[in-house]
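Letter by letter, the chains look like this.
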Amino acid sequence: MYAGYIFDLDGVICFTDQYHYQAWKKLADRLDIYFDEEINNRLRGVSRMDSLEIILERSCKVYTVEEKLAFAEEKNKIYKKLLRKMTPEDLPADVKTTLMELRKKGCKLAIGSSSKNTKMILERIGLNNFFDAVSDGTNIVNSKPDPEVFLKAAELIGENPKDCLIIEDAKAGIEGAFRGGFDSAGLGEANEHPRVNYKMKKITDLLSI
Ligand code: BG6
Ligand code: MG
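Residues numbered from 1 in each chain as written. Chains lettered and ligands numbered in written order. Predicted model: local features only at pLDDT ≥ 70, side-chain atom pairs only at ≥ 80, totals over all residues. Heavy atoms only, no water.

(A) Quick look at the overall build of the protein. Scanning the protein from N- to C-terminus turns up eight helices and six strands. Taken from N to C terminus, the helices and strands of the protein fall in the order β-α-α-α-α-α-β-α-β-α-β-α-β-β. The C-alpha radius of gyration of the protein comes to 17 Å, within 12% of the 17 Å expected for a compact globule of 209 residues. Along the three orthogonal principal directions, the C-alpha set of the protein runs to about 55 × 35 × 30 Å. Evaluated residue by residue, the protein yields a buried proportion of 52% over its 209 residues. Put simply, of all contacts in the protein between residues at least 6 apart along the chain, 59% involve residues at least 24 apart. With the model as given, the accessible surface of the protein reaches about 10300 Å², and the carbon-plus-sulfur share is 50%. (Helix = DSSP H or I, 4+ residues; strand = E, 2+ residues; numbered from the N terminus. Rg over C-alpha atoms; globule rule 2.2 N^0.38 Å. Buried < 20%, exposed > 50% of the residue type's maximum accessible area, 1.4 Å probe, protein only. Contact = heavy atoms within 4.5 Å. Areas by Shrake-Rupley, 256 points an atom, 1.4 Å probe, with all protein chains shown as cover.)

Okay, structure coming up:
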């Protein structure tokens, strides 16, 4: 057991990947840029602007910084509209059970997400005010694989990185955990990272770590 648990949001607590995909796809189609699920997988854990750069790799045009900022804003508007469909039903039962059990054990629980929409998503799924701390895309300069978002979360819950476990579905997140001196538990693709400490099949596996 760890004193603190720092959860990634997208792909761990809830499943927003489909909405990110739909929103990026709409933008890419408008710009006539090829985009598919495989490219979308590369966007996991990556910040909005870095995601846009990955999408623009397939474009033959060169865009200015202003144009890129406008594209990111356009995507975010579409994404936020899709997020409005989310309800507390989108908080999976096994995630809820895991969070409640860890809380009962007296562990500190935090979010460590690259998303600037974290607050809105937590509200939509009924978890606003649930976590002891929320560190997200709005309070960091460097995105994952930089450990900044996790270090801020650990600081906010008053625990040392060595006493916290990071829960991630992205390789970039496992890399960030390692660089920050944290242990990590992976789900899905994150388990391919050589530095992951615990490979989980499902989130409830956390309860036996
Ligand atoms: C991460 C997602 O949690 O947040 C990425 O895995 C996303 O796909 C990133 O790009 C930034 O999200 P947002 O909501 O700030 O655009
Ligand atoms: Mg994720």
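(B) View of the side chain of Thr98. If you trace the backbone, Thr98 turns up in helix α5 (residues 93–104). Residue classification places Thr98 among the buried positions, given a relative accessible area of 1%. The residues contacting Thr98, other than those within four sequence positions of it, are Ile203, Thr204, Leu206 and Leu207.

(C) Structural detail: the site of ligand 1. Neighbouring ligand 1 are 15 residues, the closest being Asp10, Val46, Ser115, Lys116 and Asn117. Backbone polar atom of Leu43 to an oxygen atom of ligand 1: 3.0 Å apart, as the coordinates give it. Residue Gly45 places a main-chain N or O atom 2.8 Å away from an oxygen atom belonging to ligand 1. The fraction of the free accessible surface of ligand 1 (400 Å²) that becomes covered by protein chains is 97%. (Near = heavy atom within 4 Å. Polar contact = N/O pair within 3.5 Å; in protein donor to acceptor, adjacent residues only side chain to side chain.)

(D) How the structure looks around the coordination of the magnesium ion (ligand 2). All of the protein donors around the magnesium ion (ligand 2) are Asp8 (OD), Asp10 (O) and Asp169 (OD); their distances to the metal are 2.0 to 2.1 Å. For the magnesium ion (ligand 2), the single-chain donor residues occur in sequence as D-x1-D-x158-D. Of this pair, Asp10 sits in the loop between β1 (4–7) and α1 (17–31) while Asp169 sits in the loop between β4 (164–168) and α8 (171–180), placing them 159 residues apart in sequence. (Donors = N, O, S within 2.8 Å, 3.2 Å for Na, K, Ca; no water.)

(E) A look at a positive patch on the surface. Taken together, the side chains of Lys26, Lys80, Lys81 and Arg84 define a basic patch exposed on the protein surface. Inspection of the secondary structure assignment puts Lys80 in helix α4 (residues 65–83). Accessibility expressed as a relative area gives 31% for Lys80, which makes it partly exposed. (Patch = residues over 30% accessible without salt bridge, like charges linked within 9 Å, V, L, I, M, F, W, Y side chains within 5 Å. Salt bridge = Lys/Arg side-chain N within 4 Å of Asp/Glu carboxyl O. Lys, Arg positive; Asp, Glu negative; His and termini not counted. Charge placed at Lys NZ, Arg CZ, Asp CG, Glu CD.)

(F) Structural view of the sheet that holds strand β6 (residues 198–200). The sheet built from six strands is open, its strands ordered β3-β2-β1-β4-β5-β6 with parallel pairing. Every other strand in the sheet has two partners, leaving β3 (133–135) and β6 as the edge strands with one partner each. Here the strands of the sheet are splayed against their neighbours by 20° on average, with no regard to which way each runs. Contacting β4 and β5 (183–187), α8 runs over the sheet at an angle of about 170° to β5. (Pairing = 2+ DSSP bridges. Axes fitted to C-alpha atoms, helices over the stretch in contact; angles between N-to-C directions.)

(G) Local environment of α5. Taking 1.5 Å of rise per residue, the twelve residues of α5 would be expected to cover 16 Å, and the 16 Å separating its terminal C-alpha atoms lies within 8% of that figure. Along α5, the residues classified as buried are Val95, Thr98, Leu99 and Leu102. The buried residues of α5 occupy an angular sector of 95° when the element is viewed end-on, so they sit on one face. With respect to the buried face of α5, the exposed residues turned more than 90 degrees away are Ala93 and Lys104. Those residues of α5 that are buried lie in contact with β1 and β2 (108–112). Two residues or fewer after α5 comes Gly106, characterised by a positive phi angle close to 90°. (Expected span 1.5 Å × (residues − 1). Arc of directions from axis to C-beta.)

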